[in-house]
Amino acid sequence: MTAPANHLHDRLRVLAQNLWWTWHPEVIRFFTDLDPHLWRQLSHNPFAFLNQISPDQVEERAAELVLHSRINYAFRRLNEYMEKRKTWGAVNCSNLHKRQVVYFSAEFGLHESMPIYSGGLGVLAGDHLKSASDLGIPLIGIGLLYHQGYFSQRLNKDGWQEEDYGDLDINTLPLQTVTEPNGQPLVVKVDTRSGSLQARVWQLQVGRVRLLLLDSNVEGNSAEDRELTSRLYGGDDKFRIRQELLLGIGGARILQALKNFPGVLHLNEGHSAFAILEEIRRVMEYDQIPFDRARRRVSLYTVFTTHTPVPAGHDRFSLELVEEHLGIFREKLGLSHNEFMALGRVNPGDSSESFCMTVLALKNSRRTNGVSAIHADVSRRMWHPLWPERPEIEVPIGHITNGVHVLSWLAPQMHQLLETRLSHDWPTRMVHPDVWEKVDEIDDGELWETHQNLKMRLIRFVRRRLLLQAKRLGHRKIVQQIEKILDPDILTIGCARRFASYKRGDLILFQLERLEKLIGDARRPIQIVFAGKAHPRDDKGKGILQRIAQLSYNPAYMKRIVFIEDYDYNVARHLVQGVDVWLNNPQRPLEACGTSGQKAILNGCLNLSVLDGWWNEAYDGKNGFAIGDGGMHSDPNIQYQRDAEYLYETLEKEVIPCYYDRDTSGIPHRWVQRIKRSMQSLGWRFNADRMVKDYAEHFYLPAASATSVEIR
């Protein structure tokens, strides 16, 4: 139950302490109304906001703006939400309430005010927690609290990415110290041959779900180890293995200290796979059974989700590093060097093979999945050597296609419009196709106007960000023409992603002369908004990004091609809510899922994508646009050329004509019909409620039922 609060400031603080507010825009509106400038200045962080504004100021401003009843109503809604007992999880997953799910992830993307994520993996994990909360599935999240996050991106005058790191102020975040039963702050410890690692534990409330975050910046750790939770995906192999020890073994020990044993272990990617070994050790000790029996038992309730279709993306460690950091642990398991290394090797007897975290997870999880149908095929092919006696199709890796937490990404204006047609409780029934049938009843003009308003909001946002960038870099021409950059009447394409080579962020630049014609067409032009980060050590990715940035500085392109620095949750939200077309053109089949396009569906945006990841399952010929026919040439360079040609042809022959085909009122009815078709055919399938229900029904419930079962 939410703590009592008698004053508005107290009630707002209760609301700010639970990230439930991140998917309830009416709560966010309180803070923007109270002081818009302060809200933006503090990165949309309500907890920090309330530290800067006094209770008297809140009362005074609330009286002026007549906010009392709205704040009180939101406060009651949060209480009702937290106290509700008849949830989907309570009805359909009753045995999970005694055998809860523990969800490990190296990153969680919940909101821009909590920058402990780098991209899609983290946002997926955050959406998973939010939907588990909404559905009432008993789940605890385990992660790391990064004091410097990923990095802030700045481009120099040449368009080259530079990275900045700044420290989070813990006092401005809604974190609570996790304590032991005696009231002392909980500290977990992991012993290695080169010394012990220690971490304190923080709790973040995400609706009904608790997220527990380990923090190595504590007394007793060496200076190096205090930095383990400073940056996401930083450092060398030694740094990474110690970070992953902390996440996996340290995370599992949090639960032991709290006497909160898992019914299901769900590992989101291989970074946390050491948690399996710690759970095996606990079972061996508790039940006094040997390693093999404990291993079989733990595997029955372990779920592993793999996201990486690129072999180089899986963490691997040398024998020396493994022995230094897990030698003491190995001895507790009663295993020899070779027996322990075999747990992470495809070929157990190959002494030259390193220890792979994904192999460890695959070998010790009864239930494993990719994140789209095509990704599962790729994963079965990639890991077939682990099961050489089976045909590839029988490799035990299934799939649950990712979905997004709709209320976190849906614009309030579009939510209001859907509510008038689909009923006020449609978000609780969004997984049912029949809920979406009434989208047809929305007036074309009303839907078009709503999206156009969102588009104008995006353009204002982009201009503000560009103005700051241009002033910092001394780009006077951009500053002078800022009000002419982007036109709300022009077809606007959004292209935002991690800049890695296989993502092919510059595909649309392949034939610049052809692109110039599309941008400069007098009757039917296009404009493009780019955003995204390259990994700090990925110079190829930085080179792709630089090419786009330099083009945006060029006076011939600057009004129609823009690059927004420092892609984050906030930039992504504006883009998916405001662009007309979401462009995604990875090298097939290397896109595991690609959920960014799912976020655009319900905001009146159409997808234009290679038939990879989720779009390979979603596209029906009428609900968006496809780049190519799914073919894959053996030479990536030839495929690049082919896909570029497909992209231009699709734009020229399908996308642009459809968008600019207007009636006398300026409404593109054929375009709006595609938007409606997109909502109807995709809205019920590609949301996180459907995804989490799939995990619950197909993985969590069977796994929890097997918690106390042993195969002899």
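Okay, so let's go over this structure. (Residues numbered from 1 in each chain as written. Predicted model: local features only at pLDDT ≥ 70, side-chain atom pairs only at ≥ 80, totals over all residues. Heavy atoms only, no water.)

**Structural notes on the overall build of the protein chain**
In step 1: In terms of helices and strands, the protein chain carries 28 helices and 20 strands.
In step 2: In terms of C-alpha radius of gyration, the protein chain reaches 25 Å, essentially the compact-globule figure of 27 Å for 712 residues.
In step 3: Seen through its C-alpha atoms, the protein chain measures out along the principal axes to roughly 80 × 65 × 55 Å.
In step 4: Each of the 712 residues in the protein chain was classed as buried or not, and the buried ones make up 61%.
In step 5: In the protein chain, once contacts between residues fewer than 6 apart in sequence are set aside, the share between residues at least 24 apart is 73%.
In step 6: Accessible surface computed for the protein chain: about 27,700 Å², of which carbon and sulfur atoms make up 47%.
In step 7: Mean positive and mean negative side-chain charge positions of the protein chain (88 and 88 charges, respectively) differ by 1 Å. (Helix = DSSP H or I, 4+ residues; strand = E, 2+ residues; numbered from the N terminus. Rg over C-alpha atoms; globule rule 2.2 N^0.38 Å. Buried < 20%, exposed > 50% of the residue type's maximum accessible area, 1.4 Å probe, protein only. Contact = heavy atoms within 4.5 Å. Areas by Shrake-Rupley, 256 points an atom, 1.4 Å probe, with all protein chains shown as cover. Lys, Arg positive; Asp, Glu negative; His and termini not counted. Charge placed at Lys NZ, Arg CZ, Asp CG, Glu CD.)

**Notes on a negative patch on the surface**
In step 1: The grouping of D434, E437, D440 and E441 at the surface amounts to a negative patch.
In step 2: By the secondary structure assignment, D440 is in the loop between α18 (412–422) and α19 (444–473).
In step 3: The exposure class of D440 is partly exposed, given its relative accessible area of 46%. (Patch = residues over 30% accessible without salt bridge, like charges linked within 9 Å, V, L, I, M, F, W, Y side chains within 5 Å. Salt bridge = Lys/Arg side-chain N within 4 Å of Asp/Glu carboxyl O.)

**Section: the side chain of N156**
In step 1: As for its placement among the helices and strands, N156 is situated in the loop between β3 (152–155) and β4 (161–164).
In step 2: Residue class for N156 comes out buried when judged on its relative accessible area of 19%.
In step 3: A distance of 3.4 Å separates the side chain of N156 from the side chain of E162, its partner in a polar contact.
In step 4: Contact partners of N156, with chain neighbours within four places excluded, come to E162, L473 and Y553. (Polar contact = N/O pair within 3.5 Å; in protein donor to acceptor, adjacent residues only side chain to side chain.)

**A short note on the state of the cysteines**
Disulfide: a covalent bond connecting the sulfur atoms of a pair of cysteines.
In step 1: The tally for this structure, following the rule as stated, stands at zero disulfides.
In step 2: Left without a disulfide partner, C495 is nearest to the cysteine sulfur of C605, which lies 12 Å away.
In step 3: What makes C495 buried here is its relative accessible area of 1%.
In step 4: Considering cysteine sulfurs only, C605 is the nearest to C658, which forms no disulfide, with 13 Å between them. (Disulfide = S-S within 2.5 Å.)

**A closer look at the pairing of strand β13 (residues 367–370)**
Two faces, one strand: in a regular strand the side chains alternate between the faces of the sheet.
In step 1: Side chains of β13 alternate between two faces, with R367 and N369 and T368 and G370 buried alike.
In step 2: As paired strands, strand β10 (residues 302–305) and β13 are joined by three bridges and run parallel to one another. Across the sheet, residue T305 finds its bridge partner in β13, namely N369.
In step 3: Pairing geometry for β13 and strand β14 (residues 398–399), over two bridges, is parallel. (Pairing = 2+ DSSP bridges.)

**Regarding the packing of aromatic side chains**
In step 1: Under the defined criterion, the tally for this structure stands at 24 aromatic pairs.
In step 2: Ring centres of Y695 and F699 lie 5.9 Å apart, and the angle between their planes is 70°; this geometry places the pair in the edge-to-face category. Of this pair, Y695 and F699 both sit in helix α28 (residues 688–705), four residues apart, roughly one helical turn.
In step 3: With 6.0 Å between their ring centres and 20° between their planes, Y695 and Y700 make a pair best called stacked. (Phe/Tyr/Trp six-rings, centres within 6.5 Å; stacked < 30°, edge-to-face > 60°.)

**Considerations on the packing of helix α21 (residues 512–520) against helix α26 (residues 636–659)**
In step 1: Packing of α21 against α26 leaves a shortest axis separation of 11 Å and a crossing angle of 20°. With respect to α26, the axis of α21 lies roughly parallel. In terms of crossing hand, the pair formed by α21 and α26 is left-handed. Side by side, α21 and α26 meet where R514, L515 and L518 of the first sit next to E645, Y648, E649, L651, E652 and I656 of the second.
In step 2: When grouped by side-chain class, the residues that make up the contact of α21 with α26 number five nonpolar, no polar and four charged. (Axes fitted to C-alpha atoms, helices over the stretch in contact; angles between N-to-C directions. Parallel < 35°, antiparallel > 145°, perpendicular 65-115°, else oblique. Left-handed = near helix turned anticlockwise from the far one by under 90°. Nonpolar A, V, L, I, M, F, W, Y, C, P; charged D, E, K, R; others polar.)

**A word on the pairing of strand β1 (residues 101–105)**
In step 1: Burial analysis of β1 places five of its five residues in the buried class, which makes it a mostly covered element.
In step 2: Across the two faces of β1 the burial is the same, with V101, Y103 and S105 and V102 and F104 all buried.
In step 3: Assessed by its sense of winding, the connection that carries the chain from β1 through helix α8 (residues 120–135) to strand β2 (residues 139–144) is right-handed.
In step 4: Sheet topology note: the β1/strand β9 (residues 264–268) ladder contains five bridges and is parallel. Paired with S105 across the two strands is N268, which belongs to β9. (Right-handed = clockwise from strand over helix to strand, strands pointing away.)

**Points about the side chain of D444**
In step 1: Structurally, D444 is set in helix α19.
In step 2: Residue classification places D444 among the buried residues on the basis of a relative accessible area of 12%.
In step 3: A distance of 2.8 Å separates polar atoms of two side chains, one belonging to D444 and the other to H669.
In step 4: For D444, the residues in contact, after removing those within four places along its chain, are I667, H669, V672, Q673 and K676.

**Observations regarding the sheet that holds strand β15 (residues 491–496)**
In step 1: Taken in spatial order, the six strands line up as β17-β16-β15-β18-β19-β20 in an open sheet, and their pairing is parallel. At either margin of the open sheet sits one strand with a lone partner, and together these are β17 (561–564) and β20 (625–627). Ignoring strand direction, the axes of neighbouring strands in this sheet form an average angle of 20°.
In step 2: Running over the sheet, α21 touches β16 (526–531) and β17 and is turned about 115° from β16.
In step 3: Sheet contacts for helix α27 (residues 669–682): β15, β18 (581–584), β19 (606–610) and β20; angle to β19, the most-contacted strand, approximately 75°.

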